[in-house]
Amino acid sequence: MSDERDDGGNDRHDGDGHDHGAVDAGDHGDHGDHGDHGDHGDHGPDRKEFRDLATPEAAHEAIASLDLASDPESVPLAEARGRVLAERVDADLDVPGFDRASMDGYAVRARDTFGADEADPARLELAGVVHAGAEPEVTVESGTCAEISTGAVMPDGADAVVMVERTSQSGDTIEIRTAVTPGEHVMFAGADVAAGARALGPGTELTPREVGLLSALGRDEVTVRGKPTVGVVSTGDELVRPGGELHSERGQIYDVNSYTVAAGIEEAGGEPRLYPHAGDDYEEMERLLVEASEECDLVLSSGSTSASAVDVVYRVIEARGDLLLHGVAVKPGKPMLVGRVGESAYVGLPGYPVSALTIFRTFVAPAIREAAGKPEPRTATVAGTMAVRERYAEGRMRLMPVGLVERGPAGPDGGGDAAGAGNVLVYPVDKGSGATTSLVEADGVVVVDPDTEYLAEGEAVEVQLFSPDVRPPTAFGVGEDDPALSRLLDRLDRPRYLPAGSRGGLRRLRDGVPDFAVAAGPIERDPDAVDLGGWTREWGLVVPAGNPDDVTGIGDLADRELRFVNRDANSGLRTSLGNAVADLAAERGVDRHELVEAIDGFDRSVRAHESPARRVFGGDADAGPGLRATAEKLGAGFVSLGEQDVRVLANPGRVEKPGVIELREVLRDFDDVLEGLAGYGGE
């Protein structure tokens, strides 16, 4: 059945596009992306605008001009891993401090073995035994030898060791069946490091190997570069620290940036210090920034950097320090600030998590690494081709987050050479800067030149990976969100799934981007897609526990004053609901648009499968579309409207891809996954 009967076509959210939903850290979005906005601030009506945006190069130079270095410090050797030496380390003793055997065998005078072989062994008298960690009590004289353990001190008179495998013993006589040369199988004193030698130089990052050498030198502490202390201040009255009580009805959100940026600081070699969030009050902002500047080498704030009516940071910097730069020609992150507060450096990051982390990684992390003496991380790039056309014409450098997907095996159906750039598809990951999931769904960034108007489908691009360890997912899917699917994905190795709804998944599958799509309900499907399997689920209306309004079906929504909340237009639930409304309209002999207009909230949509049920559970609505499994999970009531078929559909060119093969195998034995999910059934 076609989905044309669904009345939700004008839904605001296109699950495939830009969701400017959750806003973090008081920035109220990256306002600069839509023009220059003024800031009345707390001190008058004058508007502060982004008039002259600095180039990215100028931003790097401004931050590099700030002194972030800390004084060297002495740390115990047990805490030295990952730190950077501040000074040269010379050996105070020979390592090893004695001549020692490098294997088990017999300490000999080498000349006593000359000419010995299997046919004519040399016969030496056993003079004694030398154990590791003990001072030798034997002297090896001509015609004698001493049994010796690996690491033991070479006894006087001996200059070589014969490995035990080339000997045999008869009483006190040892037969030597090979000749050795002086020094063979012996590590002489100072062979590792000699006293007075340069062991490690300044700037050396201490890995377990260097820690081992320092241990061998007897060092119990070492002088290292100081970690720059970086204060983190998140701004915005709406922020709540994770673990605190959240009031979504007041527009509150959890503080993402403080912890995200703090983790980045630590990774770059700095020492993060979190301060209470400042709200949007000038006096409190001033107090916190001054306090942080007195205690830290660098202060980072996130949010309140845009030129809008509530933003005050730049006024604090101008009043208590020196503002070097405000606004950079880069997306995301236009409203970046660079300056000084007292003796401390200051950088203001945007408020959106993706923008904040991108700007931190691009501009701030290199400066922290430089101050800590940490080397630049290994860089890794991947060549790929754009999976879709991406428009962009904003006149500033764009750092576009992207994901990677491999086409699969080489060949006409597999997308070409598996090792070549043509095998890697690159797709934009852009849910809007406020979407924190973009942080983990992207594999890297493509740097888009300011003069670029669009990237064409199939155009070659270079992806700067977030880490050399990044690998594309083994299986990449897009489509309907579903609790059974979540369980299925747990059984796959490194999958990635984007819940863009049934329509969004099928649209992308037709475009050739994902390996598979998941579609639910009466959605028109691509006839070329390969059906891997699926399941059924019971859907209907979620109502408050006990069904206090005695809702029996869709007719009650149209005939009574009930508050309704719907799913977005991409959802299979929305399609089934739209078709049910059309059937009811036909039964009543009325226009379906008239029936839709009678339902209070039909166009009020949310995106996830649990969202309508949670609105009902929270008292914000009287009914919403959902699954029986969701209603039972939340302890809500449920009015059944039927059963939906959920299908997993593969890209026909990827059926031989290992991740898709694994997916097919999991679907063949799927019944136990459905256990405990009310209203679910297998094929």
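Keep in mind the model is a prediction, meaning the values are calculated, not measured.

Engineer: Can you walk me through the sheet that holds strand 17 (residues 298-302) in this structure?
Structural biologist: Consider a sheet: its strands pair through backbone hydrogen bonds, and that pairing is either parallel or antiparallel. With mixed pairing, the 6 strands of this open sheet are ordered in space as 16-13-17-21-20-18. Strands with a single pairing partner mark the edges of an open sheet, and in this sheet they are strand 16 (271-274) and strand 18 (321-326). Here the strands of the sheet are splayed against their neighbours by 20 degrees on average, with no regard to which way each runs. Packing against the sheet, helix 3 (residues 257-268) makes contact with strand 13 (229-234), strand 16, strand 17 and strand 21 (344-349), and its axis sits at approximately 160 degrees to strand 16.

Engineer: I tried to follow the packing of aromatic side chains on my own but got confused; where do I start?
Structural biologist: Aromatic rings considered in pairs are described by the distance between their centres and by the relative angle of their planes. This structure, assessed with the given rule, holds 4 aromatic pairs. Summarising the aromatic geometry, the rings of Phe 564 and Phe 602 are spaced 6.4 Å apart at their centres and angled 20 degrees between planes, so their arrangement reads as stacked. Here Phe 564, found in the loop between helix 10 (554-559) and strand 33 (566-567), pairs with Phe 602, found in the loop between helix 12 (592-598) and strand 34 (605-606); they are 38 residues apart in sequence, far enough to count as distant. The same class applies to Phe 564 as to Phe 602, namely buried. Over the aromatic face of Tyr 454 sits the side chain of Arg 389, whose NZ or CZ is 4.1 Å from the ring centroid.

Engineer: It is not clear to me how the side chain of Asp 255 should be interpreted in this structure. Could you clarify?
Structural biologist: Structurally, the position occupied by Asp 255 is in the loop between strand 15 (253-254) and helix 3. In this structure the side chain of Asp 255 is engaged in a polar contact, spanning 3.3 Å, whose partner is the backbone nitrogen of Asn 257.

Engineer: Would you take a moment to explain the side chain of Ser 571 for this structure?
Structural biologist: Positionally, Ser 571 belongs in the loop between strand 33 and helix 11 (572-588). Residue class for Ser 571 comes out buried when judged on its relative accessible area of 0%. Only 3.0 Å separates the side chain of Ser 571 from the backbone nitrogen of Leu 573, close enough to count as a polar contact.

Engineer: When you look at the environment of Asn 579 in this model, what are you seeing that I'm missing?
Structural biologist: Mapped onto the elements, Asn 579 comes out in helix 11. According to the relative accessible area criterion, Asn 579 is buried, its value standing at 4%.

Engineer: Please clarify how the sheet that holds strand 5 (residues 122-130) should be interpreted in this entry.
Structural biologist: Taken in spatial order, the 6 strands line up as 7-4-6-5-9-8 in an open sheet, and their pairing is mixed. Where the open sheet ends on each side, the last strands, each with one partner, are strand 7 (160-163) and strand 8 (167-170). Adjacent strand axes in the sheet meet at a mean angle of 40 degrees, parallel and antiparallel pairs treated alike.

Engineer: Honestly, the packing of helix 3 against helix 6 (residues 353-372) in this entry has me stumped. Any pointers?
Structural biologist: The geometry of a pair of packed helices is captured by two quantities: the angle between their axes and the separation between those axes. Where helix 3 meets helix 6, the closest approach of the two axes is 9 Å, and the angle between their N-to-C directions is 30 degrees. For the element pair helix 3 / helix 6, the angle class is roughly parallel. Crossing handedness for the pair helix 3 and helix 6: right-handed. Of the residues in helix 6, those touching helix 3 at Asn 257, Thr 260, Val 261, Gly 264, Ile 265 and Ala 268 are Pro 353, Ala 356, Leu 357, Phe 360, Ala 365, Ile 368, Arg 369 and Ala 372.

Engineer: Explanation requested: the pattern of salt bridges in the structure shown.
Structural biologist: Where charged atoms from two side chains of opposite charge approach closely, those side chains can pair. Enumeration over the complete set of coordinates arrives at 33 salt bridges. A salt bridge links Glu 175 to Arg 123, with the nearest nitrogen and oxygen atoms 3.4 Å apart. Here Glu 175 is found in strand 9 (residues 173-176), whereas its partner Arg 123 is found in strand 5, with 52 residues between them in sequence. You can call Glu 175 partly exposed: its relative accessible area is 24%. Close ionic contact of Asp 481 with Arg 567 constitutes a salt bridge, the shortest N to O distance being 3.6 Å. Pair noted here: Asp 481 is in the loop between strand 29 (475-479) and helix 8 (483-489) and Arg 567 is in strand 33, with a separation of 86 residues, a long-range link. Take Asp 481: its relative accessible area is 13%, and that puts it in the buried class. Here the residues in one salt-bridge network are Glu 118, Arg 166 and Arg 177, joined through shared partners.

Engineer: Can you help me understand the environment of Phe 98 in this one?
Structural biologist: When you line up the elements, Phe 98 lands in the loop between strand 2 (89-90) and strand 3 (100-101). On a C-alpha basis, the gap between Phe 98 and Gly 151 in space is 9.8 Å, while along the polypeptide they are 53 residues apart. Apart from residues no more than four positions distant in its own chain, Phe 98 is found in contact with Gly 151, Ala 152, Val 153, Met 187, Phe 188 and Ala 189.

Engineer: Sorry, what's going on with the pairing of strand 25 (residues 424-428) here?
Structural biologist: Taken residue by residue, a regular strand's side chains alternate between the two faces of the sheet. Most of strand 25 sits out of view: 5 of its 5 residues are buried. Going residue by residue along strand 25, you find Val 424, Val 426 and Pro 428 tucked away on one face and Leu 425 and Tyr 427 tucked away on the opposite face as well. Relative to strand 25, strand 24 (residues 397-406) runs antiparallel, the two being bridged by 5 bridges. Looking across to strand 25, one finds that Gly 403 is bridged to Tyr 427.

Reading guide: rules and limits
- Residues numbered from 1 in each chain as written.
- Predicted model: local features only at pLDDT ≥ 70, side-chain atom pairs only at ≥ 80, totals over all residues.
- Heavy atoms only, no water.
- Pairing = 2+ DSSP bridges.
- Helix = DSSP H or I, 4+ residues; strand = E, 2+ residues; numbered from the N terminus.
- Axes fitted to C-alpha atoms, helices over the stretch in contact; angles between N-to-C directions.
- Contact = heavy atoms within 4.5 Å.
- Phe/Tyr/Trp six-rings, centres within 6.5 Å; stacked < 30°, edge-to-face > 60°.
- Buried < 20%, exposed > 50% of the residue type's maximum accessible area, 1.4 Å probe, protein only.
- Lys NZ or Arg CZ within 6 Å of the ring centre and 35° of its normal.
- Polar contact = N/O pair within 3.5 Å; in protein donor to acceptor, adjacent residues only side chain to side chain.
- Parallel < 35°, antiparallel > 145°, perpendicular 65-115°, else oblique.
- Left-handed = near helix turned anticlockwise from the far one by under 90°.
- Salt bridge = Lys/Arg side-chain N within 4 Å of Asp/Glu carboxyl O.

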